[in-house]
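Chain residues, written in single-letter form:
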There are 2 protein chains.
Amino acid sequence: MSENTCLEKQPLSQEMLDKIDAYWRAANYLSAGQLYLLDNPLMKEPLTMDHIKKKIVGHWGTVPGQNFVYVHCNRVIKRYDLDMILLSGPGHGGNFMIANTYLEGSYSEIYPNISQDEEGMKKMFKQFSFPCGVPSHCAPETPGSINEGGELGYSIAHAFGAVFDNPDLIATVIVGDGEAETGPLATSWQSNKFLNPITDGAVLPVLNLNGYKISNPTIFSRISHEEIESYFVGCGWEPIFVEGDDPMTMHKLMAEAMDQAVEKIKAIQENARKNNDPERPKWPMIVLRTPKGWTGPKVVDGQQIEGSFRAHQVPITMEKPEEHLSLLKSWLESYRPEELFDEKGTLIPELAELAPKGDARMGANPHANGGLLMKDLRLPDFREYGIEVDPGKTKAQDMIELGGYIRDIFVLNKENQNFRIFGPDESMSNRLYKVFEAENRDWNAELLDSDDCLARNGRIMDGMLSEHMCEGWLEGYLLTGRHGFFASYEAFIRVVDSMAAQHAKWLKVCNQLTWRRPIASLNFILTSNVWQQDHNGFTHQDPGFLDHIANKKADVVRMYLPPDTNCLLSCFDHCVKSKNYVNAIVASKHPSYQWLNMEQAVKHCTQGVGIWEWASNDEGQEPDLVMACCGDTPTLETMAAVTILRDELPELKIRVVNVVDLFKLESNHKHPHGLSDSEYNAIFTTDKPVIFAFHGYPTLIHELTYRRDNQNVSVHGYQEEGTITTPFDMRVQNEIDRFNLVKDAIMHLPQLANRGSYLIQKMNDKLVEHKQYIAEYGQDLEEVRDWEWHTPDNK
Amino acid sequence: MSENTCLEKQPLSQEMLDKIDAYWRAANYLSAGQLYLLDNPLMKEPLTMDHIKKKIVGHWGTVPGQNFVYVHCNRVIKRYDLDMILLSGPGHGGNFMIANTYLEGSYSEIYPNISQDEEGMKKMFKQFSFPCGVPSHCAPETPGSINEGGELGYSIAHAFGAVFDNPDLIATVIVGDGEAETGPLATSWQSNKFLNPITDGAVLPVLNLNGYKISNPTIFSRISHEEIESYFVGCGWEPIFVEGDDPMTMHKLMAEAMDQAVEKIKAIQENARKNNDPERPKWPMIVLRTPKGWTGPKVVDGQQIEGSFRAHQVPITMEKPEEHLSLLKSWLESYRPEELFDEKGTLIPELAELAPKGDARMGANPHANGGLLMKDLRLPDFREYGIEVDPGKTKAQDMIELGGYIRDIFVLNKENQNFRIFGPDESMSNRLYKVFEAENRDWNAELLDSDDCLARNGRIMDGMLSEHMCEGWLEGYLLTGRHGFFASYEAFIRVVDSMAAQHAKWLKVCNQLTWRRPIASLNFILTSNVWQQDHNGFTHQDPGFLDHIANKKADVVRMYLPPDTNCLLSCFDHCVKSKNYVNAIVASKHPSYQWLNMEQAVKHCTQGVGIWEWASNDEGQEPDLVMACCGDTPTLETMAAVTILRDELPELKIRVVNVVDLFKLESNHKHPHGLSDSEYNAIFTTDKPVIFAFHGYPTLIHELTYRRDNQNVSVHGYQEEGTITTPFDMRVQNEIDRFNLVKDAIMHLPQLANRGSYLIQKMNDKLVEHKQYIAEYGQDLEEVRDWEWHTPDNK
Ligand SMILES: Cc1ncc(C[n+]2csc(CCOP(=O)(O)OP(=O)(O)O)c2C)c(N)n1
Ligand SMILES: Cc1ncc(C[n+]2csc(CCOP(=O)(O)OP(=O)(O)O)c2C)c(N)n1
Ligand SMILES: [Mg+2]
Ligand SMILES: [Mg+2]
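These numbers come from a predicted model, not from an experiment.

### Description of the overall build of chain A
Point 1. Tallying secondary structure elements over chain A gives 25 helices and 22 strands in all.
Point 2. The globule rule puts the C-alpha radius of gyration for 795 residues at 28 Å, and the 30 Å found for chain A is close to it.
Point 3. Seen through its principal axes, chain A has C-alpha atoms that stretch 95 × 65 × 45 Å.
Point 4. Burial statistics for chain A: of 795 residues in total, 71% are counted as buried.
Point 5. Put simply, of all contacts in chain A between residues at least 6 apart along the chain, 77% involve residues at least 24 apart.
Point 6. Charge separation in chain A, taken as the distance between the mean sites of 76 positive and 113 negative side-chain charges, equals 3 Å.

### A closer look at the pairing of strand β20 (residues 654–659) of chain A
Taken residue by residue, a regular strand's side chains alternate between the two faces of the sheet.
Residues and elements named next belong to chain A.
Point 1. With 6 of 6 residues buried, β20 lies mostly within the body of the structure.
Point 2. A two-sided burial pattern is seen for β20, the buried positions comprising Ile654, Val656 and Asn658 on one face and Arg655, Val657 and Val659 on the other.
Point 3. In this structure, strand β18 (residues 609–611) lies alongside β20, joined through 3 bridges in antiparallel fashion. Bridge pairing links Gly610 to Asn658 in β20.
Point 4. One ladder, built from 5 bridges, connects strand β19 (residues 625–630) with β20; its direction is parallel. Within β20, the residue paired with Leu625 across the bridge is Ile654.
Point 5. For the crossover from β19 across helix α19 (residues 632–648) to β20, the handedness is right-handed.

### Details of the coordination of the magnesium ion (ligand 3)
Point 1. In this structure, A:Asp177 (OD), A:Asn210 (OD1) and A:Tyr212 (O) serve as the protein donors to the magnesium ion (ligand 3), at separations of 2.1 Å.
Point 2. A relative accessible area of 8% places A:Tyr212 in the buried class.

### Focus on the sheet that holds β18(A)
Residue and element names in this part refer to chain A.
Point 1. One open sheet holds the 5 strands; their spatial order is β18-β20-β19-β21-β22, and the pairing between them is mixed. The sheet terminates laterally at β18 and β22 (713–716), the two strands that pair on one side only. Averaged over neighbouring strand pairs, the angle between their axes works out to 20° when direction is ignored.

### Notes on the sheet that holds strand β22 (residues 713–716) of chain B
Residue and element names in this part refer to chain B.
Point 1. Strand order in the open sheet formed by 5 strands is β18-β20-β19-β21-β22, with mixed pairing between adjacent strands. Looking at strand neighbours, the two that pair on one side only are β18 (609–611) and β22, the edges of this open sheet. Shown here is a sheet whose adjacent strand axes are inclined to one another by a mean of 20°, direction ignored.
Point 2. Seen against the sheet, helix α19 (residues 632–648) touches β19 (625–630), β20 (654–659) and β21 (690–694) and runs at an angle of roughly 155° to β19.

### Here's the deal with the pattern of salt bridges
Point 1. Enumeration according to the criterion identifies 110 salt bridges over all chains in this entry.
Point 2. Residues A:Glu651 and A:Arg755 are paired through a salt bridge, measuring 2.0 Å at the closest nitrogen-oxygen approach. Taken together, the positions of A:Glu651 in the loop between α19 and β20 and A:Arg755 in the loop between α23 (738–747) and α24 (757–777) put the pair 104 residues apart, joining distant regions of the chain.
Point 3. Residue classification places A:Glu651 among the partly exposed residues on the basis of a relative accessible area of 38%.
Point 4. A salt bridge links B:Lys122 to B:Asp39, with the shortest nitrogen-to-oxygen separation between them at 3.8 Å. Of this pair, B:Lys122 sits in helix α5 (residues 118–127) while B:Asp39 is found in the loop between α1 (14–36) and α2 (63–80), placing the two residues 83 residues apart along the sequence.
Point 5. In this structure, a network of salt bridges that share partners links the residues A:Arg494, A:Asp497, A:Lys505, A:Asp542, A:Lys552, A:Glu720, B:Arg494, B:Asp497, B:Lys505, B:Asp542, B:Lys552 and B:Glu720.

### Points about the nonpolar core
Point 1. Counting 536 residues, the largest nonpolar core has A:Leu662, A:Phe684, A:Phe692, B:Leu662, B:Phe684 and B:Phe692 as the members making the most contacts within it.
Point 2. Filtering out sequence-adjacent residues up to four positions away, B:Leu662 remains in contact with B:Leu546, B:Met559, B:Leu561, B:Cys630, B:Phe694, B:Leu700, B:Ile701 and B:Leu704.

### Let's talk about the side chain of B:His483
Residues and elements named next belong to chain B.
Point 1. The topology assignment puts His483 in strand β13 (residues 483–489).
Point 2. A distance of 2.6 Å separates a polar side-chain atom of His483 from the backbone oxygen of Lys375.
Point 3. Setting aside residues no more than four positions away along its own chain, His483 makes contact with Met374, Lys375, Asp376, Leu377, Asn418, Phe419, Arg420, Tyr477, Leu478, Ala520 and Val576.

### Overview of the packing of aromatic side chains
Residue and element names in this part refer to chain A.
Point 1. For the structure shown, the criterion picks out 83 aromatic pairs over all chains.
Point 2. Ring centres 4.6 Å apart and planes at 40° place the aromatic pair Tyr773 and Tyr777 in the tilted group. Placement of the pair is Tyr773 and Tyr777 together in helix α24, with a separation of 4 residues, close to one helical turn.
Point 3. You can call Tyr773 partly exposed: its relative accessible area is 21%.
Point 4. Note that Arg558 overlies the ring of Tyr581, its terminal NZ or CZ placed 4.0 Å from the centroid.

### Some words on the site of ligand 1
Point 1. Lining the immediate surroundings of ligand 1 are 23 residues, of which A:Thr62, A:His92, A:Asp177, A:Lys292 and B:Glu467 lie closest.
Point 2. Chains contributing residues to the immediate surroundings of ligand 1 are chains A and B.
Point 3. Contact distances for ligand 1 include 2.6 Å between an oxygen atom and a side-chain N or O atom of A:Thr62.
Point 4. Interatomic distance of 2.8 Å between a backbone N/O atom of A:Gly178 and an oxygen atom of ligand 1.
Point 5. Out of a free accessible area of 590 Å², ligand 1 has 98% covered by protein chains.
Point 6. Looking at the shell around ligand 1 residue by residue, the class counts come to 8 nonpolar, 8 polar and 7 charged.

### Remarks on the packing of helix α2 (residues 63–80) of chain A against helix α9 (residues 247–274) of chain A
All names here are of chain A.
Point 1. α9 packs onto α2 with a crossing angle of 50° between their chain directions and a minimal axis gap of 10 Å. Judged by the inter-axis angle, α2 sits oblique to α9. The handedness of the crossing between α2 and α9 is right-handed. Contact residues: α2 offers Phe68, Val69, His72, Cys73, Arg75, Val76, Arg79 and Tyr80, while α9 offers Met250, His251, Met254, Ala255, Met258, Asp259, Val262, Glu263 and Lys266.
Point 2. Among the residues forming the contact of α2 with α9, the class breakdown is 10 nonpolar, 2 polar and 5 charged.

### Re the site of ligand 2
Point 1. Of all residues adjacent to ligand 2, which total 23 residues, the nearest are A:Glu467, B:Thr62, B:His92, B:Asp177 and B:Lys292.
Point 2. Two or more chains meet at ligand 2, and those chains are chains A and B.
Point 3. Residue B:Asp177 places a side-chain N or O atom 2.7 Å away from an oxygen atom belonging to ligand 2.
Point 4. In this structure, B:Tyr212 approaches ligand 2 through a main-chain N or O atom, which is 2.8 Å from an oxygen atom.
Point 5. Summarising the interface, the protein chains cover 98% of the accessible area of ligand 2, which totals 600 Å² for the free molecule.
Point 6. For the shell around ligand 2, the per-class residue count stands at 8 nonpolar, 8 polar and 7 charged.

### Some points on the relation of the copies chain A and chain B
Point 1. Aligned on chain B, chain A shows an RMSD of 0.0 Å; the corresponding rotation is 180° and the shift along the axis is 0.0 Å. The symmetry that links the two subunits is that of a two-fold axis. Measuring from the rotation axis to each C-alpha of chain A, the shortest distance belongs to A:Gly183, at 2.0 Å.
Point 2. Residue by residue, 100% of the interface of chain A is reproduced at the interface of chain B, so both copies engage with the same surface.

### Things to note about the confidence of the model for chain A
Point 1. Taken residue by residue, chain A gives an average pLDDT of 96. The fraction at 70 or more is 99%.
Point 2. Scoring of the predicted complex yields 0.98 for pTM and 0.97 for ipTM.

### Describing the coordination of the magnesium ion (ligand 4)
Metal coordination angles have textbook ideals: 109.5 degrees for a tetrahedral set of four donors and 90 or 180 degrees for an octahedral set of six.
All names here are of chain B.
Point 1. With distances of 2.1 Å, the protein atoms coordinating the magnesium ion (ligand 4) are Asp177 (OD), Asn210 (OD1) and Tyr212 (O).
Point 2. Donor residues for the magnesium ion (ligand 4), ordered by position in the chain, follow D-x32-N-x1-Y. Highlighted residues: Asp177 in the loop between β2 (169–176) and α7 (183–188) and Asn210 in the loop between β3 (202–209) and α8 (225–234), separated in sequence by 33 residues.

### Considerations on the side chain of B:His702
Point 1. Structurally, the position occupied by B:His702 is in helix α21 (residues 698–704).
Point 2. Since its relative accessible area comes to 8%, B:His702 is described here as buried.
Point 3. In this structure, B:His702 is in contact with A:Tyr706 and B:Val715, ignoring residues within four places of it in sequence.

Cut-offs applied
- Residues numbered from 1 in each chain as written.
- Chains lettered and ligands numbered in written order.
- Predicted model: local features only at pLDDT ≥ 70, side-chain atom pairs only at ≥ 80, totals over all residues.
- Heavy atoms only, no water.
- Helix = DSSP H or I, 4+ residues; strand = E, 2+ residues; numbered from the N terminus.
- Rg over C-alpha atoms; globule rule 2.2 N^0.38 Å.
- Buried < 20%, exposed > 50% of the residue type's maximum accessible area, 1.4 Å probe, protein only.
- Contact = heavy atoms within 4.5 Å.
- Lys, Arg positive; Asp, Glu negative; His and termini not counted.
- Charge placed at Lys NZ, Arg CZ, Asp CG, Glu CD.
- Pairing = 2+ DSSP bridges.
- Right-handed = clockwise from strand over helix to strand, strands pointing away.
- Donors = N, O, S within 2.8 Å, 3.2 Å for Na, K, Ca; no water.
- Axes fitted to C-alpha atoms, helices over the stretch in contact; angles between N-to-C directions.
- Salt bridge = Lys/Arg side-chain N within 4 Å of Asp/Glu carboxyl O.
- Core = buried A, V, L, I, M, F, W, Y, C linked by side-chain atoms within 4.5 Å.
- Polar contact = N/O pair within 3.5 Å; in protein donor to acceptor, adjacent residues only side chain to side chain.
- Phe/Tyr/Trp six-rings, centres within 6.5 Å; stacked < 30°, edge-to-face > 60°.
- Lys NZ or Arg CZ within 6 Å of the ring centre and 35° of its normal.
- Near = heavy atom within 4 Å.
- Areas by Shrake-Rupley, 256 points an atom, 1.4 Å probe, with all protein chains shown as cover.
- Nonpolar A, V, L, I, M, F, W, Y, C, P; charged D, E, K, R; others polar.
- Parallel < 35°, antiparallel > 145°, perpendicular 65-115°, else oblique.
- Left-handed = near helix turned anticlockwise from the far one by under 90°.
- Least-squares fit on C-alpha atoms with pLDDT ≥ 70 in both.
- pLDDT = per-residue confidence, 0-100.

Here you go:
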């Protein structure tokens, strides 16, 4: 459409305002229709209870405000030729987004059954929040959505994630005033300290200040105008207020506010880009104060609905058919559907032309279906970052070596600008030193000369102490087709348990939708783990994220516990290439023993579980004992236990098994990675004792091996014991140390009879010696510190 | 001490400032000493590497600022006779709190071995962050602490929890500028909207703006003064700025700021209390900007330490003994310990007198050891709230009935003001209607006439949409000796997974400290659970909090799944009386079937697991089949399956088992509630098939019953399937419905041979019928909706 004929590009006219209002009425009508109507979608017949759903489930209160924002976004998209997506914080009003994408046509393109006519409208109404239909939230099923808004609080974080490295994208984000009270949302206003006006796009928050949440008022609606203004100014925003309840006045104010905001954004970007000036500007935002349930029923059953918390869900319950039916009827009629839809039930062309065209429609914008835009990463050959290994003698810091590989991911993808790493001020602490050779941290607040690796265009997003932001930004970045990972202290990843679970749910649903293209996996590196505490203690010990992940849908989740550097490189390379998974890697950051050279590591990690022949002495026979381990520290202690057992009881046939891919333990009927029973038995035997040293809570191994033939398994793992102490003592306190493993092995080998007793006594003595030594010297026994792997014939 | 002789009550003099500085130097010296010194605590001998710890672990950067706050709190405590506690947000600097409680004497009272002399000082230094010693954080071991600060973000929430209903208490809370970036902390500034100046105490936040976190600057330190000020004004605070690095200037500024803050607090309270004016005032807070690692080493190894992120942990690594030893020596000497401690190593009397006396010392304040102050709740007899039950026919809403009991807890404890309930705007949604008959919600922002049950002195804390605040406030309330519970949507309790875990860890440690008196349990009611979704869907389904809790230390955690109203009353009554536990109750809020009359319920819940004889037909014989269930919905489906089985296969001997106390399934060796193997076998048999319908993820049952004899168990539970659909369809999608249970039972009874095939066919037909019906009508089959319990002889 040329500038001349595009109404939106002209000065704001009454005609335009009228059309906007009509379009908004159409959206409101369709949103209410979805809540109530099973049939008779355009009310051409007299409305009866037969046309009404038996169970009315969904939300109304938030909807008119969100419809209002949508239509005004449409106008500026056309006026300024914008590339814009919309995130709905209060995603419980999902009917609003369906209504709008239906009006603009993007919905019917994806779901041809929901056609833009009376028949399609009827189906759209029926399917909403209905068995075998579509969810009531802005779910993956909803075109244009990348923020479901089921669990509230992440809309702004997702929006920022979306615009990083998307300089031409504007993410408008509707924030619920209730949502704004959550912790994650409250801190996410600060994200503007990490936005580069040259290389990133813009986020335009619209605070949907409708005054209420479920049944309480909101804090923002009950503080003074000055306090609201101060708050947002303090957060670095320039708030524009749009307040009122008269629709036509409000359309004018909103149109002006949107113009002002967009022009401000454009001016900021133009200045920054022309003058190469990345300094932090004051970004605009909008505070939109309207009544909750605006335009809905005023009073029902003698109680105020519009403008009150009672508008939150369904405003008319239909419990009193007579009375409620006529209320519903006059409410729906108030939108004058007959003026909006033609006799076929199609939006009239004068209104339809208000929607942007093609990919400019927010329901069709490819950024909201990121897989469409995703380019694979260019990856270095991870084998080249491997280290030489003399097993059980060489030490290295796995995370430091991984850093080298990641550094070169930055280098190789400089051009595509589609890779970032995320962490709550822990990248250094987590030993990702080498990434700083190629990349800086992102920082758009004030810079000092003394600052270390901070830059306006850094791609290491670790400048904010918030696991919520790391997770939310990363999710937004991935959902819009890019790549990255989140490196966290293992214990504090639990701060985002619920966010990770929600993302796993999102992916599970996407896997059922052919039109949602695969996106890069959500990768976690959990380090500074339970066995690696120095400065910290009990509060920093929680390996339970694995248990949490294990409960999610099998086709979505993966867990890796590489025992050394070469394995970590192999696992990470695998994860960073994968799509649509949630991958959790537990990694070691301290100097630790190395076991496999690169060739062995690739084989081992590809299989996910394997017998370490070079450490075993069962030589193709049935072993007496399986010593299994999973995780770096358990592997060390198992290997140390094996040296003791082989030295002391050389006739014992011991098989050493190491597990990298935890889901190998699960049945192949339950997880795609699971071993078949015969494969499992070939490794773990059907009945020989398995002494299993595990990184996390023992119950996870119990859970995964629940149905396996061999139930003669004794699992050692974290028992919720520990405080500040030596590394080895942490293991002793949780009985995962070599001495306790040896004791347990002997106790599982009744055939040794009395022969084992002396060794048990020796182990007990060692444990006492250990305790006395550390209490005196504050460090571990020399034999522990200096331990090296050996076989009896090669001491 | 009389006013006249109390130096603090005089106008601020140079003498006073000098003394404050000396006291601060003493605290800094003791804090640094804890990090480094194994011996030679007062450096009377020349310092050698033998006096230095082998492994130096702890934090320095945050310490001097916190010591600074402590000594200034001491001054105002004495000046104004305050009842004050101190919460340390950046709890990683735990040495600061040990140093100060040691100086004031409260430490040695609790730990007599750490005496106030050279020998005690040496022990105190050695034990810090040392094996068999004390943690580096403000852990339970630290007198005066109720906020460990290991996982950052909860200090302000805890502080508000502490002052609710403590009108004379001031909680000073040091907030890390890094901590302030976390979501929970960011939203917690809003807590002042819930503080009543008449009936609650005051929180005095001190933002410890030292500019850095681990290795990044902080956002607050890199925005303008105007932005900081706006931010806090917007949050409803009146910030007082204290900024600089010259100690003597800063002491003066800080003393004045503290006076100003305390006087403002007193004026607010006086006005409110005299004039009965509970309107929200602007509470004071302090922004304290000082260099990180203030007074510590300036430059080490050519790099700036003081005033940089490098001061965060240990400023001098001691890796270059020669050079570092002399740096350490001159740093420690800079505090002039010889002026501060006498020849015996005791703080000189002129300084010792600066500390408050007795319980006024912050390390001895009983509010920080809440069990000392805790009064038991007066509780109504829960039996009186029970309902009449015709089993499997009566329906009731468990949460509504529970509301009646809780209402009367409010009534009975009106005087003691020591009970509150917490929730994120969900009390109504969770059907706690009846509590509103006796109590209001707390709200101290603007009130409107149209507001519903909001009041300035409400005790229902559900006005803020933040699970973090609910949890943090409640923890603070409990830790200071009061009672309450948190009712949450089951799925969104996972937002606070990590907080609940940290509290469980806190309790576990307290159980080992005789001086920490038991406090009321942390009680969760999880409702709107996975099986009870209407308006919501997949995002609202997560029963995994139980799995999370199950991993915590057995002596601390408890889980209850009452199947009906009378059982819920019994369980809740038990929990609310208990001490030092984390109790999770899963409860139903929708109209649901009732099974047990009150007498039966008490017996059943007291035993925690039991055979429902009246529903079984094995009559004292070995059954063919055990139908087990846990949770309200699983119980319903199991009972419905039993009616089908008994009608169709009357010769089958079926035992019905219901589990309320989930830990009964665990071995008695692992959990105090666990059944012994023989008790367990008497209920579940050793080998008969057990069809177990469970509320949550099946793996939790696998985990708990891992070592039991009877491994012939088939668990049905949540399989991560579901969206918006009918209640019964949710069960079908997860195969926990009656039809699937019947099918599974038959498949576990090979003795039925072909006899079961027809019933399987019938069940499959039912499942198809169900799907078709709901897709058409949007509600469940009539036979499902109208189902009632019966026995074959009493249809
Ligand atoms: C983390 C979280 N806690 C609780 C809820 C339950 N909940 C659903 S909607 C809602 C109120 C939302 O209020 P607001 O953000 O103001 O949205 P609106 O008024 O636009 O509906 C609440 C508390 C939730 N969805 N997520
Ligand atoms: C939730 C959480 N995430 C990460 C950490 C790791 N961590 C420990 S200290 C610290 C920096 C704290 O900075 P600040 O609050 O400014 O404290 P201070 O400067 O006073 O040491 C971080 C990120 C943590 N303890 N908790
Ligand atoms: Mg709202
Ligand atoms: Mg700091």
